[in-house]
Amino acid sequence: MTPYTHADEQGFFGRYGGAFLPPHLEGPVAEVAAAYAEAIADPSFLDEYRELLRDYVGRPSPLFLAQRLTDHLGGARIYLKREDLNHTGAHKINHCLGEALLARRMGKKKLIAETGAGQHGVALATAAALLGLECEIHMGGIDVEKQHMNVVRMEMLGAKVVAVETGGRCLKDAVDSAFATYAADYEDVFFGIGSVVGPHPYPSMVRDFQSVVGEEAREQILSKEGRLPDVIMACVGGGSNAMGLFSGFLADEEVRIVGVEPAGEGVETTRHAATMTKGSDGTMHGMATRLLQDEAGEPSSVHSIASGLDYPGVGPQHAHLRDIGRVEYVSVTDAETIDAFSALCRLEGIIPALESSHAVAHAMQVAPGMGRDEVVVVNLSGRGDKDVDYIAEVLRGR
Ligand SMILES: *Cc1c(COP(=O)(O)O)cnc(C)c1O
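Nothing here was measured: the structure is a model prediction, and the numbers come from that model. Chains are numbered independently. Their residues run from 1 in the order of the written sequence. Reporting in this predicted model follows two pLDDT cut-offs: at least 70 for local features of residues, and 80 or more for side-chain atom pairs to be given and counted; totals over whole chains, interfaces and linings ignore these cut-offs and use all residues. Note: side-chain values were computed over all heavy atoms of the structure, leaving out hydrogens and water.

**Some points on the overall build of the chain**
Argument step 1. Every helix listed is a DSSP run of H or I at least four residues long, and every strand listed is a run of E at least two residues long, numbered separately from the N terminus. Broken down by element type, the chain carries 16 helices and 14 strands.
Argument step 2. Taken along the three principal axes of its C-alpha coordinates, the chain extends 60 × 50 × 40 Å.
Argument step 3. For the chain, buried positions account for 58% of its 398 residues.
Argument step 4. When contacts within the chain are restricted to residue pairs at least 6 apart in sequence, long-range pairs at least 24 apart make up 73% of them.
Argument step 5. Residue exposure ignores everything except the shown protein chains as possible cover, and the areas themselves are Shrake-Rupley values with a 1.4 Å probe. Summed over all atoms, the accessible surface of the chain reaches about 15,700 Å², with 51% contributed by carbon and sulfur.
Argument step 6. Counted charges follow a simple rule, with Lys and Arg positive, Asp and Glu negative, and His plus the chain ends left uncounted. Taken as the charge centre is NZ of Lys, CZ of Arg, CG of Asp or CD of Glu, depending on the residue. Within the chain, the 56 negative side-chain charges are centred at a point lying 5 Å from the centre of the 35 positive side-chain charges. Each residue's exposure class comes from its accessible area (1.4 Å probe, protein chains only) as a fraction of the maximum for that residue type: buried when under 20%, exposed when over 50%, partly exposed otherwise. Contacts are assigned to residue pairs with any non-hydrogen atoms lying within 4.5 Å of each other.

This is how it looks when you write it as structure tokens:
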């Protein structure tokens, strides 16, 4: 374990993190922290988790040399960590299974969460079905209409989808609604957070459950190349897939680490979600972190072509890693993302998620300037089936 990977006892990474909660939620969240600390010290808990990752998720996910993309760019060798091949098609199942196992161990009957586009809701509903837990997903009314397919999937998996019709009927209202339900019923309910965000212990816990990605990638690249990569990169929304990959390499000072944020229509416009580039310190969703906020400290409305990156905050460990200079954060635009999406489809026969396409876009920018003997590892966080109708529309418009 390296100093980078541990929060202090209050859950702080430098000046970020912590648990900023209304008094009535302090007890329930502290209970989760205590139960998690006990669970990860219990080999039988970890054994069951690893067994599910292997037999249910299909891990380890391959590390694939994208040879045609590499040849096309004429520089560094590009490897893709294939989280898109996991059951349910993305990395989210890794931490949802961990959270569901912990919930069951704590004697909880129900998982509750909010979801924006529905990806987290589907992964959590999947884990709930597998472990025989009830599941209730709160979703803004507008998102329920827009993301019909994911609503159907969650319902098929046995989850109850609550359409939130208050306020702006979007993600923020879904968060409030899910938290209110949790506060009223926490004896029986576990709150399943969808990224390395929220109050302590969630940023550390979700990171730990995702760290399998980095552990595998490190072993795989050592076996394929006989050495560590020169650069690794991943897209950053809340930051869970990125923290998963990064945590395997933080102690390797010679490995450059890059987080890729959504620049949307440009960081000079108001239509982006580049928290690291344009954000400032603040408090949101129970944590101190960097965020995009207005003068009153309210989270700004943000935009990305990838709904999973459309978040005004970022995990506190990322904010800290930026502060100490261990990880660089860059941004790519919607347009660059679409080009990277198309390139991966045509050159490798892989349809990537728009979120993951951000990381591919950055790889395509840096690989040509690197030597042919250099190595880049890109986290391909998910598959793009969910995005094809939307992209077809965008491409028709061009
Ligand atoms: C949700 C999602 C993301 C963004 O979440 P992080 O916590 O930043 O990883 C990225 N890629 C895919 C495929 C997603 O579904």
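Now that the structure has been shown, we can carry on.
**Observations concerning the pattern of salt bridges**
Where side chains of opposite charge bring their charged atoms close, a pairing between them can arise.
Argument step 1. By definition here, a salt bridge exists when the distance from a side-chain nitrogen of Lys or Arg to a carboxyl oxygen of Asp or Glu is within 4 Å. Taken as a whole and judged by the stated rule, the model has 27 salt bridges.
Argument step 2. Ionic pairing is found between Lys110 and Glu136, a salt bridge with its closest N-O pair at 2.9 Å. A residue pair is termed long-range when its members are at least 10 positions apart, and Lys110 in strand β5 (residues 110-115) and Glu136 in strand β6 (residues 134-140) qualify at 26 residues. With respect to burial, Lys110 and Glu136 carry one shared label: buried.
Argument step 3. Asp323 is the partner of Arg322 in a salt bridge, and the nearest nitrogen-oxygen pair spans 3.9 Å.
Argument step 4. A relative accessible area of 36% means that Asp323 is categorised as partly exposed.
Argument step 5. Counted as one network, the salt bridges with shared partners bring together Arg15, Asp281, Arg322 and Asp323.

**Regarding the domain arrangement of the chain**
Argument step 1. Here the bounds of each domain stem from an automatic or database domain assignment. Assigned domains of the chain: these are domain 1 (20-53 + 92-202) and domain 2 (59-89 + 211-397).
Argument step 2. The distance between the C-alpha centroids of domain 1 and domain 2 comes to 24 Å.
Argument step 3. With 17 residues of domain 1 at the interface, the matching set in domain 2 holds 24 residues.
Argument step 4. Joining domain 1 to domain 2, the criterion identifies 0 salt bridges.
Argument step 5. Here a polar contact is recorded for every N or O atom pair within 3.5 Å, except that within protein the pair must consist of a potential hydrogen donor and a potential acceptor, and residues adjacent in sequence are included only if both atoms are side-chain atoms. Linking domain 1 with domain 2 are 6 residue pairs in polar contact (both at pLDDT 80 or more).
Argument step 6. Counting residues per element, the ones that place at least two in the side of domain 1 that touches domain 2 are α4 (92-105), α5 (119-131) and α8 (171-184).

**Side note on the packing of α4 against helix α9 (residues 202-210)**
Argument step 1. Between the N-to-C directions of two axes lies an angle of 0 to 180 degrees, each axis being a line fitted to C-alpha atoms and, for a helix, fitted only over the stretch in contact. α9 packs onto α4 with a crossing angle of 115° between their chain directions and a minimal axis gap of 8 Å. Crossing handedness for the pair α4 and α9: right-handed. Contact with α4, carried on its side by Lys92, Asn94, His95, Gly98, Glu99 and Leu102, involves Tyr202, Met205, Val206, Phe209 and Gln210 of α9 and no other residues of that element.
Argument step 2. In this count, Pro and Cys sit with the nonpolar residues alongside Ala, Val, Leu, Ile, Met, Phe, Trp and Tyr, while Asp, Glu, Lys and Arg are called charged and the others, Gly among them, polar. Its residues assigned to classes, the contact of α4 with α9 shows 5 nonpolar, 4 polar and 2 charged. Take the far helix as your reference; a near helix turned counterclockwise from it by less than a right angle gives a left-handed crossing, and one turned clockwise gives a right-handed crossing.

**Focus: the sheet that holds β6**
Argument step 1. Strand pairing requires that DSSP identify at least two bridges connecting the strands. Taken in spatial order, the 4 strands of this open sheet run β7-β6-β5-β8, and their pairing is parallel. Looking at which strands have only one partner, the edges of the open sheet turn out to be β7 (160-164) and β8 (189-191). For this sheet, the mean angle separating the axes of adjacent strands, direction not counted, is 25°.

**Comments concerning the environment of Ala127**
Argument step 1. Within the secondary structure, Ala127 sits in helix α5.
Argument step 2. On the accessibility criterion, Ala127 (0% relative accessible area) is buried.
Argument step 3. Spatially, the C-alpha atoms of Ala127 and Ile305 are 27 Å apart, while their sequence positions differ by 178 residues.
Argument step 4. Residue contacts for Ala127: discarding those within four places in its chain leaves Cys96, Leu97 and Ala100.

**What about the sheet that holds strand β9 (residues 231-235)?**
Argument step 1. Here we have 6 strands laid out as an open sheet, ordered β3-β4-β14-β9-β10-β13, and mixed in their pairing. If you trace the sheet from one side to the other, it starts and ends with β3 (63-65) and β13 (328-333), each paired once. On average, each strand axis in the sheet is tilted by 30° relative to the strand beside it, whichever way the strands run.
Argument step 2. Two strands pair when backbone bridges link them, and strand β10 (residues 256-264) and β13 are joined in this way by 6 bridges, in the parallel orientation. Bridged to Glu261 within β13 is Ser331.

**Some remarks on unusual backbone geometry**
Argument step 1. Of the consecutive residues Arg59 and Pro60, the connecting peptide bond is found in the cis state with omega at 0°.
Argument step 2. Within the element layout of this structure, Pro60 appears in the loop between α2 (43-57) and β3.
Argument step 3. Backbone geometry places Thr88, a non-glycine residue, at a positive phi of 75°.
Argument step 4. Looking at the secondary structure, you find Thr88 in the loop between β4 (77-82) and α4.
Argument step 5. Relative accessible area serves as the criterion here: at 18%, Thr88 is assigned to the buried category.
Argument step 6. Positive phi values are uncommon outside glycine, yet His285 reaches one of about 45°.
Argument step 7. Within the fold, His285 resides in the loop between β11 (280-284) and β12 (287-291).

**A closer look at the state of the cysteines**
Argument step 1. Disulfides are defined in this document as cysteine sulfur pairs within 2.5 Å. One pass over the full model with this rule turns up 0 disulfides.
Argument step 2. Looking at the unpaired Cys96, the closest cysteine sulfur is the one in Cys135, lying at 8.8 Å.
Argument step 3. No disulfide involves Cys345; its nearest neighbouring cysteine sulfur is the one of Cys235, lying 16 Å away.
Argument step 4. Cys345 gets classed as partly exposed once you look at its relative accessible area, which sits at 23%.

**Details of the packing of α4 against α5**
Argument step 1. Running from amino to carboxyl end, α4 crosses α5 at an angle of 45°, the nearest separation of the two axes being 9 Å. The angle between α4 and α5 falls in the class oblique. The way α4 lies across α5 gives a crossing that is right-handed. Facing Lys92, Ile93, His95, Cys96, Leu97, Glu99, Ala100, Leu101 and Arg104 of α4, the residues of α5 in contact are Gln119, His120, Ala123, Leu124, Thr126, Ala127, Leu130 and Leu131.
Argument step 2. Tallied by class, the residues present in the contact of α4 with α5 amount to 10 nonpolar, 4 polar and 3 charged. Orientation labels follow simple angle bins: below 35 degrees gives roughly parallel, above 145 gives roughly antiparallel, 65 to 115 gives roughly perpendicular, and whatever is left gives oblique.

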